[in-house]
There are 2 protein chains.
Amino acid sequence: MTTQSRATLADVARLAGVSSKTVSRVFAEAGNVSADTREQVLVAAKRLRFRPNNLARSLRRGGVTNTVAFVIGDLTNPFYFHVAAGIERELALRGLTMVLATTDDSPDSEERVVDALISQRVRALLLIPIADDQSYLEGERQLGTPVVSVDRPARNLLADSVVLQNRLGMAEAVRSLTAIGHRKIGFISNPSAMYTQRERLAGYREALREVGVVETAQWERLDDDPDISPELAVQSLLDLPDSPTAIVAGNNRGSAGAVRVLRNLKPPVAFIGFDDFELADALGISVVAYDTMELGRTAARLALDHLADPGAFTQQIEIPTRLIHRGSGEILPPR
Amino acid sequence: MTTQSRATLADVARLAGVSSKTVSRVFAEAGNVSADTREQVLVAAKRLRFRPNNLARSLRRGGVTNTVAFVIGDLTNPFYFHVAAGIERELALRGLTMVLATTDDSPDSEERVVDALISQRVRALLLIPIADDQSYLEGERQLGTPVVSVDRPARNLLADSVVLQNRLGMAEAVRSLTAIGHRKIGFISNPSAMYTQRERLAGYREALREVGVVETAQWERLDDDPDISPELAVQSLLDLPDSPTAIVAGNNRGSAGAVRVLRNLKPPVAFIGFDDFELADALGISVVAYDTMELGRTAARLALDHLADPGAFTQQIEIPTRLIHRGSGEILPPR
DNA sequence: ACAGATTTAGACAACGCTGACATTTGTGTT
DNA sequence: AACACAAATGTCAGCGTTGTCTAAATCTGT
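First, a word on what this report is: a plain description of the structure on this page. (Residues numbered from 1 in each chain as written. Chains lettered and ligands numbered in written order. Predicted model: local features only at pLDDT ≥ 70, side-chain atom pairs only at ≥ 80, totals over all residues. Heavy atoms only, no water.)

With 57 residues of chain A in contact, the opposing surface of chain B contributes 56 residues. Between chain A and chain B lies a buried interface of about 5300 Å² when both sides are counted; carbon and sulfur atoms form 56% of it. The three residues of chain A that bury the most area against chain B are A:Arg6, A:Leu55 and A:Arg121, which together make up 13% of that side's buried surface. The tally of links between chain A and chain B comes to 8 salt bridges. (Contact = heavy atoms within 4.5 Å. Buried area = accessible area lost by both parts, 1.4 Å probe. Salt bridge = Lys/Arg side-chain N within 4 Å of Asp/Glu carboxyl O.)

This is the structure:
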């Protein structure tokens with residue numbers, strides 16, 4: 001249990017009989033080291049189990065680290081994780097590592113968490129904005145840290161952003177329902193992600209307006225109350241005197257709820273969800289899908305581009321969505 | 001676009017008219033600073049948008065950082081990210097952040113990835129071992145970095161570990177099938193996670209042996225070939241002349257495949273999966289479940305304990321599993 | 001064989017912070 | 001008013017690395 005201390009450049013240098021700068025050159029792959037010395041240094045390093053200290057290196061280099069932060073609201077949503085996976089992959093290609101931080105969906109903690117990350121001198125900041133004001137990041141951005149806003153645009157901050165084709169995707173879904181005769185279409189969503197839900201709602205209304213349906217309030221379930229489960233929202237739609245013949249969900253939580261309620265319903269109700277999910281194919285659930293990992297990859301790429309060219313213009317990228325027909329969205333309205 | 005440089009302790013000190021040590025005391029919350037000076041320092045810091053440099057701090061403090069690494073094989077498996085969520089939560093309570101690194105399920109890259117993390121002086125290392133030898137971590141462990149092996153024990157390394165009750169959980173599942181008369185029970189699994197699958201297979205065989213069934217090879221599908229999808233494995237069982245009346249799956253991938261094939265089968269085949277999954281309740285799929293987040297939380301806690309008391313004994317913790325009856329596991333064998 | 005170019009190696013300081021220690025200022029006691 | 005003692009503040013060096021600069025060793029071509 002001897003807790004010896006860690007070997008440093010100097011220790012290796014002493015053992016190899018060279019200067020610490022030479023050891024540094026070997027490990028920084030800076031060249032100009034003869035094959036012989038190089039070999040000796042490596043042997044000594046291995047003997048001492050030497051690992052270069054990245055803290056010191058980053059400090060010396062002016063605070064440039066190899067880590068990029070991804071700030072997330074809530075880790076338990078599989079959506080975020082796929083995004084994270086995409087980010088991680090893209091970063092790994094450039095030898096960067098990802099640190100993951102969560103704000104527990106609390107707007108207050110966002111700035112605290114981000115502050116802590118800045119203290120760690122992350123190279124870039126990717127975040128899913130929760131708070132309704134990201135202006136606190138303006139200074140950081142000016143200092144050259146790329147900030148990329150994921151899934152929703154940042155507020156009061158000029159930053160790159162990657163979002164989905166929310167409005168269009170949802171409009172397409174609803175259009176596919178109106179095309180086969182549906183007019184009474186319910187919309188359920190949980191609005192924790194305000195921006196995306198608002199956009200999707202707009203797409204829903206837009207598509208209905210195209211076929212002359214303007215009064216949609218009665219079919220919209222956007223309860224703020226987290227206690228109102230998607231299941232209840234769906235049920236409340238079915239309980240309406242003039243109940244919908246089709247339902248669309250604004251996100252995967254809604255889909256899961258809808259699936260539970262709608263399965264084995266006597267006169268079947270058509271359904272299309274936003275966000276694909278595991279087994280949706282087996283269940284025959286039509287969804288508006290998109291490449292979640294690509295969302296992450298694109299975000300990472302934007303950050304990396306900005307790192308490479310700090311003067312680059314800010315970009316807003318939209319990830320395309322596509323409607324996948326699996327049956328539940330093709331159910332005809334009862335005659 | 002002025003890329004000014006970042007403010008340092010010294011800058012703040014100058015503006016506030018105090019020494020940099022005083023500023024340091026304010027930010028390190030080290031006390032012994034009068035309310036007045038404290039206030040002035042904070043004002044100056046805010047004006048300069050000062051953020052303490054954690055790199056320098058960690059370096060000065062002897063390489064003690066606030067980050068804990070979690071090394072994962074493949075981010076896309078929902079299992080891993082629930083574990084990660086648990087870890088993140090537990091760490092956040094102690095003000096630590098999690099860095100996530102993946103090895104792409106490649107044994108070769110494991111050591112490289114871990115090396116890089118050590119260079120970053122992570123405070124502790126949690127990993128899901130992929131390579132079949134973790135002895136390369138021995139030095140690190142001796143240097144005082146807690147190493148916790150998650151989901152499988154480490155090999156050739158004395159480290160804490162948290163695993164599931166694999167054998168018992170699977171044995172219980174199979175016993176519940178034999179109890180209602182099943183004798184011909186198929187086992188499918190993809191062996192990317194060798195250890196867990198071996199254990200679960202052992203549990204399966206054990207339970208069958210208890211009722212006198214010893215020859216099980218024909219019903220085991222453990223193909224190494226990643227091209228053989230779980231769907232095909234299930235199908236091949238059904239195609240047997242003496243086909244099983246029940247099937248158990250060694251992991252969630254297998255369950256997903258089984259669900260696809262088994263749904264709407266004429267004489268229904270009983271099924272129990274290992275690992276719970278979204279909508280399993282709606283689909284009526286019986287599973288061996290456990291608290292995935294707890295797995296992560298426990299791992300993090302082990303690491304933190306070791307950090308608090310470096311001399312603590314290594315522990316092997318088993319997370320309990322429980323069989324959830326939802327219908328698919330209660331299907332009786334055809335008479 | 002020799003000047004000049006090039007490659008290899010080392011000395012030194014500094015990145016931003018804090019621990020150890022020194023010094024100043026404030027408070028309470030008699 | 002003089003003293004002991006605690007609180008507030010400052011000085012300085014060094015954590016492990018690398019950029020800059022300089023010196024020595026080695027390689028060119030004629």
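Anyway, onward from the coordinates.
Around DNA strand D lies a shell of 23 residues, among which A:Leu9, A:Ser24, A:Arg60, B:Thr22 and B:Arg60 are the nearest. Taking all atoms of DNA strand D within 4 Å of the protein, the share assigned to sugar and phosphate is 60%. The contact in question runs from a phosphate oxygen of DNA strand D to an N or O atom on the backbone of A:Asn53, over 3.0 Å. Between a base oxygen of DNA strand D and a side-chain N or O atom of A:Arg60, the distance comes to 2.2 Å. Partitioning the surface near DNA strand D into residue classes produces 8 nonpolar, 8 polar and 7 charged. (Near = heavy atom within 4 Å. Polar contact = N/O pair within 3.5 Å; in protein donor to acceptor, adjacent residues only side chain to side chain. Nonpolar A, V, L, I, M, F, W, Y, C, P; charged D, E, K, R; others polar.)

Membership of the largest hydrophobic core comes to 102 residues, with the highest contact counts inside it found for A:Phe70, A:Leu100, A:Tyr204, B:Phe70, B:Leu100 and B:Tyr204. Setting aside its immediate chain neighbours within four residues, A:Leu100 contacts A:Phe70, A:Ile72, A:Leu75, A:Phe81, A:Ala84, B:Glu88, B:Met98 and B:Leu100. (Core = buried A, V, L, I, M, F, W, Y, C linked by side-chain atoms within 4.5 Å. Buried < 20%, exposed > 50% of the residue type's maximum accessible area, 1.4 Å probe, protein only.)

This part covers the protein's contact with DNA strand C. What surrounds DNA strand C is a group of 21 residues, the closest being A:Thr22, A:Arg25, B:Leu9, B:Ser24 and B:Arg60. Here a phosphate oxygen of DNA strand C and a backbone polar atom of A:Ser19 are 2.9 Å apart. Within the side chain of A:Arg25, an N or O atom sits 2.6 Å from a base nitrogen of DNA strand C. Secondary-structure elements contributing two or more residues to the surface near DNA strand C are α2 (20-27) and α4 (54-60) of chain A together with α2 (20-27) and α4 (54-60) of chain B. The residue makeup of the surface near DNA strand C, split by class, is 7 nonpolar, 8 polar and 6 charged. (Helix = DSSP H or I, 4+ residues; strand = E, 2+ residues; numbered from the N terminus.)

The strand order across the open sheet formed by 12 strands is β11(A)-β5(A)-β4(A)-β3(A)-β1(A)-β2(A)-β2(B)-β1(B)-β3(B)-β4(B)-β5(B)-β11(B), and the pairing between neighbours is mixed. The open sheet is flanked by β11 (316-319) of chain A together with β11 (316-319) of chain B, the only strands paired with a single partner. Each neighbouring strand pair of the sheet contributes to a mean axis angle of 20°, computed without reference to strand direction. Looking at chain direction, strand β1 (residues 67-72) of chain A and strand β3 (residues 124-127) of chain A are connected through 4 bridges and run parallel. Bridge assignment links A:Val71 to a residue of β3(A), and that residue is A:Leu127. (Pairing = 2+ DSSP bridges. Axes fitted to C-alpha atoms, helices over the stretch in contact; angles between N-to-C directions.)

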